[in-house]
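Close look at the chain arrangement
Read off the chains here:
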Amino acid sequence: MEGRRHEPVTLGEIKELAEVGRPTVSNWRRRHASFPEPVGGSESKPLFDAEEVGRWLDERPVPDGEPHSDGTLPTYGERFRDGLRLRRLVTFGHGRLGPDELIVRALAVAAMEGEGGGSLAESLPAGLLADFDAADAELLRTVRELIAELGSTGAAAEAVLKLAGRLQSDLAMDATPRPVVELIQALAQPVLSTGEPVAVLNLCAGAGDVLLALDVVGGENYVAAVEPDALRRTVLSYRLLAHWSAEEIVVCPAPEDLDSVRLPAVHPAVSVPGSGSREFPPADLVVADPPYASGEHERDEEGPLKWALEAVRRLREDGQALVVVPSWTLSRPRGMTGTANTQMREYLLKSGAVEAIIQLPRRIHTFRTGAEHALLVLRGAWRPSANPYALLIDADRLARRVGDAWQRNVVGLLGSTATPVPQEAQRVRVDTSGPGSSYLLDGRSLLPAHRLASPEKGLDHFAATVEARQNAYVALPHLKQWIGDLGVGKREERAEHFKVGGQLRAGQLRLLPGHRIRESDIGDAGVPVIGREEMLGALPFGRRRIMLEELAAYPQAQMTEQGDVFLLTEHGVRTQVDDAGGCVLLAPVQGLRIAAYRRYLMELAEGETAHPESLWMRPHALARLLAAPRNQQRGSGSLVRRVSVKDMDLPQLPVEEIADLDAVLAETERHRTDVRRQLAALDTLAERLAAGVADGDLRLRLRQRPDRDPGP
């Protein structure tokens, strides 16, 4: 074993270092004759040459790995070597040192091994010498070997930070995802490539993932970072020093500390505030990625949008800010009084600072799979009248169409004046331009998935409807008269739309929530229960029921009325009209009730003169319009795509058109019910015939008729 760079590894170590399961390693060895032979150990615990294993794994790409910048996939060999380099450090982390303490000390060694080791003690970050001195001889030797192998202290610092994921440190959970870093880098490029000195500020900088990618240190540039967390601030300082030991990076715990920063003419090392002679200037570029989860600090006076406000405040007049925010900061409606979050949001819009809102692809954060995020593109000037529009981009929808090229497409959309694909991006007015117009300061969600809707692209609705009517005419000959009576014409002017949320606030509609009822309380007697299974067609309506005695245990549960509309808004929109009433809704199913419909039914039942002119909407029309394609695409949510009922829209139509539409749709539904009953009867017949023959009890014989062709 002499002369080997690394100690031999066991099968278990190969599994851990390559980040695969034990069965995968066993399959590699059993199925591939080229797998390296053991170099020692025993038959039950063989040892393998680490370098041979690494070369063998180089031939096997990671199928779900994040591609490199050149488009190639990472290999298991790369993973294996990364793990091999850190094996001794991982042992430290599982031993006497905690994960964060180990990472800090190892980074301190990497920082001091660079030019920081030759700097004056007073110019070094506070605590660096103490953390360096706390590293024992074995840790020093391990990090120095890592530097020698990788060729630089910066590369060694990046390798050390990979320990965060292996040791389950919170540092890995808050790291900015690589795709987001690449998007910020691409959007910032025009600001950084002018050839002139720039001032760059990274608010809520974390461990410095974005700042390192921007590569802005050098020449006469001024760079500062703000990080409130003490641990991350330490990691950031040491990491930057390992990369850029000869340059100055100002690292502060709070934004207000920047007001007292003085920059010396010569940058000896990472500085601390309070020395020198020049103030930190207004920034050409500000970036921020606050580590907030969904709903966190929603009621606080200082939530995630405070970083966006601070970014705008720190910008030059023609500067640019790129701020990552949780999507809930954009999707929460204002309500009657508003929250600190919605007030900050409206302030940004009114100031003219919002250039674009980019909804990022879902599940982009490895450790925050249940949260969605957006990127705000902000400008520094107060110019509400100069550009009354903001660009909304649904990068999640864009990524489903173009894959890994979504960042390039987003950059292209921001730099283009052409009309984008309406479902993926639209320019929307910030303030109203007249009755019925869509604008961002209306108190509703700003999330692109909730806002972007348009007619189906490239579809002539008149031609498609005429074709559908002709197909129905041929397929259903007994309905020729009814189908022929359907008059279809083009509207001279496109109808305006209004949001369901506005009708809910006005009392025209009422939202009926679904309830959570124990499965043990649901049986086959009592009032019908309508849940996800019924809406998806997995169970027929009316099979599941609950006794009124059991329902009494749920005082919040409401019974539906005739004309209510059931909605399931997961992965699209499914609707159903309640023609009888008396049902109980199970979450996530919801209901919508037309406030005027009950009075209308009572007038009909009592023989009074009905007033259809007061009925602005009817049940079957409401159900079908809600499920139209323009509403289907409004889903958001990282794990389960849900459509917000309040963000759906409906066309503004005369009451007589609504009445005609509802009558046609109700009659269509009646015929569909007849067809479903016929299909169910045929399915039952086929099922019983097959079951009887399969059990050997039935013999089938088709009677021959004189006029029947016996066939081949």
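**Focus on the overall build of the protein chain**
- Looking only at helices and strands, the protein chain features 29 helices and 22 strands.
- Residue pairs in contact within the protein chain that sit at least 24 positions apart in sequence constitute 67% of those at least 6 positions apart.
- Working note: accessible area of the protein chain is about 36,000 Å², and carbon and sulfur atoms make up 50% of it.

**Some thoughts on the nonpolar core**
- Grouped together as the largest cluster of nonpolar side chains are 44 residues, with contacts concentrated most on Leu214, Leu285, Leu322, Ile358, Leu360 and Leu375.
- The element best represented in this core is helix 12 (residues 178-192), accounting for eight residues.
- If sequence neighbours within four positions are ignored, leucine 360 has contacts with Val180, Leu183, Val324, His373, Ala374, Leu375, Ala395, Asp396 and Trp406.

**A look at the sheet that holds strand 19 (residues 574-577)**
- On the basis of which strands lie adjacent, the open sheet formed by four strands has the order 15-21-18-19 and antiparallel pairing. Each edge of the open sheet carries a strand with a single partner, namely strand 15 (509-512) and strand 19. Strand-to-strand, the axes of this sheet are offset by a mean angle of 25°, without reference to chain direction.

**Focus on the side chain of arginine 618**
- Looking at where arginine 618 falls in the secondary structure, it is placed in the loop between helix 26 (597-605) and helix 27 (619-626).
- Among buried Asp, Glu, Lys and Arg side chains, arginine 618 stands out as unpaired, with aspartate 662 the closest opposite charge at 5.0 Å.
- Here tyrosine 600 takes part through its side chain, which lies 3.5 Å from a polar atom of the side chain of arginine 618.

**Some details on a nonpolar patch on the surface**
- Taken together, Val675, Leu679, Leu682, Leu685, Leu689, Val693, Leu698 and Leu700 make up a surface patch of nonpolar side chains, about 680 Å² in accessible area.
- Among the secondary structure elements, leucine 698 is positioned in the segment after helix 29 (655-694).
- Judged by relative accessible area, which is 42%, leucine 698 ranks as partly exposed.

**Notes on unusual backbone geometry**
- Cis geometry is adopted by the peptide bond preceding proline 588, which originates at alanine 587 and carries an omega value of 15°.
- Residue position: proline 588 is located in the loop between strand 20 (584-585) and strand 21 (590-594).
- With a phi angle near 50°, cysteine 204 is a residue other than glycine that sits in the positive phi range.
- Inspection of the secondary structure assignment puts cysteine 204 in the loop between strand 3 (199-203) and helix 13 (209-214).
- Residue cysteine 204 is classed as buried on the basis of its relative accessible area of 6%.
- One non-glycine residue with positive phi stands out, namely arginine 363, at about 60°.

So, how was this worked out
- Residues numbered from 1 in each chain as written.
- Predicted model: local features only at pLDDT ≥ 70, side-chain atom pairs only at ≥ 80, totals over all residues.
- Heavy atoms only, no water.
- Helix = DSSP H or I, 4+ residues; strand = E, 2+ residues; numbered from the N terminus.
- Contact = heavy atoms within 4.5 Å.
- Areas by Shrake-Rupley, 256 points an atom, 1.4 Å probe, with all protein chains shown as cover.
- Core = buried A, V, L, I, M, F, W, Y, C linked by side-chain atoms within 4.5 Å.
- Buried < 20%, exposed > 50% of the residue type's maximum accessible area, 1.4 Å probe, protein only.
- Pairing = 2+ DSSP bridges.
- Axes fitted to C-alpha atoms, helices over the stretch in contact; angles between N-to-C directions.
- Lys, Arg positive; Asp, Glu negative; His and termini not counted.
- Salt bridge = Lys/Arg side-chain N within 4 Å of Asp/Glu carboxyl O.
- Polar contact = N/O pair within 3.5 Å; in protein donor to acceptor, adjacent residues only side chain to side chain.
- Patch = residues over 30% accessible without salt bridge, like charges linked within 9 Å, V, L, I, M, F, W, Y side chains within 5 Å.

In short, the description is geometric, and any link to function would need to be established separately.
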